[in-house]
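Observations on the three-dimensional arrangement
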Amino acid sequence: TGCGKSSMVPQFILEDCQALGQRVKVMVTQPRRIAAITLARRVADQRGVELGTQVGYRIGQGDHVDSKDSVITFVTVGYM
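What this report covers is the structure whose coordinates are included nearby. (Residues numbered from 1 in each chain as written. Predicted model: local features only at pLDDT ≥ 70, side-chain atom pairs only at ≥ 80, totals over all residues. Heavy atoms only, no water.)

1. What to know about the sheet that holds strand β1 (residues 26-30)
One open sheet holds the four strands; their spatial order is β1-β4-β2-β3, and the pairing between them is mixed. Only two strands of the sheet have a single partner each, and these edge strands are β1 and β3 (64-65). Of the strands in this sheet, β1 and β4 (72-76) are in contact with helix α1 (residues 8-19), which crosses β1 at around 170°. Packed on one face of the sheet, helix α2 (residues 33-47) meets β1, β2 (55-58) and β4 and runs near 170° to β4. (Pairing = 2+ DSSP bridges. Helix = DSSP H or I, 4+ residues; strand = E, 2+ residues; numbered from the N terminus. Contact = heavy atoms within 4.5 Å. Axes fitted to C-alpha atoms, helices over the stretch in contact; angles between N-to-C directions.)

2. Some points on α2
The terminal C-alpha atoms of α2 lie 21 Å apart, and with 15 residues this matches the ideal 21 Å at 1.5 Å per residue to within 8%. Turning to α2, its buried residues are Ala36, Ile37, Leu39, Ala40, Val43 and Ala44. The buried residues of α2 occupy an angular sector of 165° when the element is viewed end-on, so they sit on one face. Seen from the buried face of α2, the exposed residues on the opposite side, beyond 90 degrees, are Ile34, Arg41 and Asp45. Along its buried surface, α2 packs onto α1, β1, β2 and β4. Looking one or two residues past α2, Gly48 carries a phi angle of roughly 70°, positive in sign. (Expected span 1.5 Å × (residues − 1). Buried < 20%, exposed > 50% of the residue type's maximum accessible area, 1.4 Å probe, protein only. Arc of directions from axis to C-beta.)

Quick look at the structure:
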């Protein structure tokens, strides 16, 4: 716990694919709404981008802060 599995691994995958010239969109499932939102904010901050641009979240079938340009999206199981 607390070693970055949910925040760092998606970034590693993204960066590796980008280095190979591959387009990728990473979706990370979270069991709870607050976890998805908090992680999205943290990763956006780590990447130095505004939440909802390259990094976003989607909760269930309604609440979302992302765009067509989002490359990492944190989602709840209800969204899947």
